[in-house]
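Here's the letter readout for the chains.
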Amino acid sequence: MENIPYSPEGIILESLLEGMNQYYSAELAQKVSRGMRETRLKGYFQGGPLPYGYKLNGRKVVIDETTAEIVRLIYEQYSLGKTVKEIISNLTATNILYKNKPFVANTVIRNVKKRKILWNI
């Protein structure tokens, strides 16, 4: 949107403006990442779906004790070498449901198995 002349000085001016824009973008990304990391370290919720076994208490993510037992059971079975299909079969056999439906593999993998590192239940 700048009025850049078609001359050698215009080439330098255009390069300078592009460089400043790129710097601003990189600096903003760095600040946003730092803010998100600090928010996570404080335990505040940043949005998106909560992992199974957690709930919100104000802005803080806290363990939901009613579902955390199920997550612990899943981890225990997984650590014993059971497959996701076997874990789901055991949950269904004991009438443990996820949102009033039987667990599916994607629920166990996405909401439980991959979140173990981030949310130490």
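Please refer to the structure placed before this passage.
Rules of the game
Residues numbered from 1 in each chain as written. Predicted model: local features only at pLDDT ≥ 70, side-chain atom pairs only at ≥ 80, totals over all residues. Heavy atoms only, no water. Patch = residues over 30% accessible without salt bridge, like charges linked within 9 Å, V, L, I, M, F, W, Y side chains within 5 Å. Areas by Shrake-Rupley, 256 points an atom, 1.4 Å probe, with all protein chains shown as cover. Salt bridge = Lys/Arg side-chain N within 4 Å of Asp/Glu carboxyl O. Helix = DSSP H or I, 4+ residues; strand = E, 2+ residues; numbered from the N terminus. Buried < 20%, exposed > 50% of the residue type's maximum accessible area, 1.4 Å probe, protein only. Pairing = 2+ DSSP bridges. Core = buried A, V, L, I, M, F, W, Y, C linked by side-chain atoms within 4.5 Å. Phe/Tyr/Trp six-rings, centres within 6.5 Å; stacked < 30°, edge-to-face > 60°. Lys NZ or Arg CZ within 6 Å of the ring centre and 35° of its normal.

K.L.:
I would appreciate a short explanation of a nonpolar patch on the surface in the present structure.
P.N.:
A cluster of nonpolar residues, Y24, L28, V32 and M36, forms a patch on the protein surface that exposes about 390 Å² of accessible area. Secondary-structure assignment places L28 in helix α1 (residues 8-41). Looking at L28, the relative accessible area reads 41%, which means it is partly exposed.

K.L.:
Help me understand the pairing of strand β2 (residues 60-63) in this model?
P.N.:
Across a regular strand the side chains alternate sides, sitting on one face of the sheet and then on the other. Both strand β1 (residues 54-57) and β2 contribute to a ladder of 4 bridges, which runs antiparallel. If you follow Y54 over to β2, its bridge partner there is I63. Counted along the chain from β1 to the antiparallel partner β2, the turn is 2 residues long, and its residue G58 has a positive phi close to 75°.

K.L.:
Teacher, can you tell me more about the nonpolar core here?
P.N.:
Proteins that are soluble and globular tend to have nonpolar side chains buried together. In terms of nonpolar packing, the biggest core is built from 13 residues, with Y52, I70, I74, L91, F103 and V108 touching the most fellow members. Elements with a minimum of two residues in this core: α2 (65-79) and α3 (84-93).

K.L.:
Could you clarify how one ought to interpret the packing of aromatic side chains in this entry?
P.N.:
How two aromatic rings sit relative to each other is set out by the distance from centre to centre and by the angle between their planes. A full pass over the atoms with the stated rule returns 3 aromatic pairs. Pairing Y52 with F103 gives two aromatic rings, centres 5.6 Å apart and planes at 90°, and the pair type is edge-to-face. One end of the pair, Y52, is in the loop between α1 and β1; the other, F103, is in the loop between α3 and α4 (105-113), and 51 residues separate them in sequence. In this structure F103 comes out as buried when scored by relative accessible area, which is 3%. With a centroid separation of 5.5 Å and 40° between ring planes, the pair formed by Y98 and F103 is classed as tilted. F103 carries the same exposure label as Y98, and that label is buried. An aromatic cluster is present here, built from Y52, Y98 and F103 joined pairwise through their rings. For the cation-ring pair, K60 lies above Y44, with the distance from its terminal atom to the ring centre recorded as 5.1 Å.

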